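Architecture at a glance
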Amino acid sequence: MTGLLVEGASGIATLAGGLRRGGAQGDAAVVSGGALAVACWGGVVLAAGAADDVSRQLASRGLPINAFRRFDARGGLITPGLVDAHTHLLFAGTREGEWQLRVRGAGYLEVLAAGGGILSTVAATRAASDAELLAGGRTRLAQMLANGTTTAEAKSGYGLDVTTELRLLELVGRLGREGPIELVPTFLGAHAVPAEFRDRPGAAAAAPVAAGPAGTDGSDAYVAQVVDEQLPAVVRQGIARFCDVFCEQGVFSADQSRRILRAAAGLGLGLRIHADELAPSGGAELAAELGCVSADHLAAASEEGVAALARAAEAGTPAVATLLPATSWFLGKGHFAPARRFIDAGIPVALATDLNPGTSPTLSLPLVMSIACVEMGLTPAEALAAVTINAAHSLGLGAQIGSIEPGKQADLVVWNVPTLEQIPYWLGAHLARTVIKRGVIVSERG
Ligand code: NIG
Ligand code: FE
């Protein structure tokens, strides 16, 4: 028996109908009224909607109802499983000390330039054993699943040398095979310039970021290492699907990011980018130029960058704007990506946690939805599309996940509330009651 029939829902937010942009961003394609059902067979959705129609479809395929396990949604809303399209899942250590420095006024990039921030996590991660990294990953994944996440992207980027970057990708691959959360591995060797490159003779080691001329901070030498050594090794390893770069003033310039992403595309990797998180750095423009599938952060994108993303969307080659409002919020700057402008400009918007120990220690997409509604003015329906179908598209998985449609993977959440508006409304609540991955119940909250 491989069937699961979920009945008794208040409604089904199917998100059917493809990538959302412009006015369609807020169309959750909700089916409600009367008896409803979702039938899953062999891990995929067979039918969803009015219970009578679903029964007829089962009958027409010769599938007897008693071949299905019947599950009562008890008046809860059903949505697609949530898709977290930007996480730094694997790391060792925590950074609450740096967070407290920031609360008292220290800048995020100042902390990094002084060898802290990302680099302190790099030191802890290099020193951690595989078992420690796996244990941390499993603990975090369990909480993500309990919050409704059924697929997550996971970046390397706390190794910054060939050995540790490969090790992180290997461990992401392992955790993905363990499941139940499906993981999409991304290589982020260009997350920061590691200490051993900054300390090279001639490098302006602890100089404040953006103070020295390009090329005096070890970044050019490190970019060459990423392109010449890390990328080929990552492609030989065959686990990463995407390459990402932290394109930001004082980290990697647009030119350096272009060098890395072009090399990655040439080797067959998909492209995504940390773009314009803190200052306009040409990241959005670069995402459009290179055909990145996702441009992330964008809290400080330039007018020209927004226009470039709008043109790419209009031309049918969109870079999804994957916004990370929990990061903006946790950085305490009171400044958020202009989500409404993106939507008005026809740019598809996704939301993700940016889970990482420095700027976004959260495992909850519903919390991210709440922040997006309050701080960026998204409607709950826009936010739901942003963590389901649009997030799926930003991972190149729009045909497999992100909506409840016949033939797509049966990844579902039954919520402890009857409407989609209540998901972000109950701030910080744990509302994902039952989580289903490929037609199997994988998490249940009492
Ligand atoms: O997306 N901005 C760069 N990377 C992460 C932060 C990583 C860290 O601080 O450890 C981000 O915010
Ligand atoms: Fe990030």
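My aim in this report is to walk through the structure given alongside it, one point at a time. Because the structure is a prediction, the values reported are computed rather than measured. (Residues numbered from 1 in each chain as written. Chains lettered and ligands numbered in written order. Predicted model: local features only at pLDDT ≥ 70, side-chain atom pairs only at ≥ 80, totals over all residues. Heavy atoms only, no water.)

What follows is about the site of ligand 1. Surrounding ligand 1, one finds 16 residues, the nearest of these being Arg95, Tyr108, Tyr158, His191 and Glu277. One of the side-chain nitrogen or oxygen atoms of Tyr108 is found 2.5 Å away from an oxygen atom of ligand 1. Between ligand 1 and the protein, one listed contact pairs a nitrogen atom with a side-chain N or O atom of Glu277 at 2.7 Å. About the coverage of ligand 1: the protein hides 100% of its 320 Å² of free accessible area. (Near = heavy atom within 4 Å. Polar contact = N/O pair within 3.5 Å; in protein donor to acceptor, adjacent residues only side chain to side chain. Areas by Shrake-Rupley, 256 points an atom, 1.4 Å probe, with all protein chains shown as cover.)

Bringing the pairing of strand β1 (residues 3-7) into the picture now. With 4 of 5 residues buried, β1 is to be regarded as a mostly interior element. Where β1 and strand β6 (residues 68-72) come together, 5 bridges link them in parallel fashion. Within β6, the residue paired with Val6 across the bridge is Phe71. Relative to strand β4 (residues 36-41), β1 runs antiparallel, the two sharing 5 bridges. When the sheet's bridge partners are listed, Gly3 is paired in β4 with Trp41. (Buried < 20%, exposed > 50% of the residue type's maximum accessible area, 1.4 Å probe, protein only. Helix = DSSP H or I, 4+ residues; strand = E, 2+ residues; numbered from the N terminus. Pairing = 2+ DSSP bridges.)

Here we come to the side chain of Ser294. Topologically, Ser294 is positioned in strand β13 (residues 294-297). Within polar-contact distance, the side chain of Ser294 engages the side chain of Thr322 at 2.8 Å. Beyond its immediate stretch of four places on either side in the chain, Ser294 contacts Leu271, Arg272, Ile273, Ala319, Val320, Thr322 and Ser394. (Contact = heavy atoms within 4.5 Å.)

Bringing helix α4 (residues 118-127) into the picture now. When α4 is considered as a whole, its buried residues turn out to be Ile118, Leu119, Thr121, Val122 and Thr125. Taken down its axis, α4 places every buried residue within 155° of arc, on the same side. On its buried face, α4 sits against α3 (108-113), α5 (130-146), α6 (162-178), α7 (195-198) and β11 (242-247). (Arc of directions from axis to C-beta.)

Once that is clear, we can look at the packing of aromatic side chains. One pass over the structure, following the stated rule, counts 6 aromatic pairs. An angle of 15° between the planes, with centres 5.2 Å apart, marks the rings of Trp99 and Phe330 as stacked. Placement of Trp99 in helix α2 (residues 96-103) and of Phe330 in helix α12 (residues 325-331) is noted, with a sequence separation of 231 residues between them. Here the aromatic cluster, defined as three or more aromatic residues joined through ring pairs, consists of Phe197, Tyr222 and Phe252. Sitting over the ring of Phe91, Arg140 keeps its end group 3.7 Å from the ring centre. Here the guanidinium or amino end of Arg272 rests over the ring plane of Phe242, the centre of that ring lying 4.6 Å away. (Phe/Tyr/Trp six-rings, centres within 6.5 Å; stacked < 30°, edge-to-face > 60°. Lys NZ or Arg CZ within 6 Å of the ring centre and 35° of its normal.)

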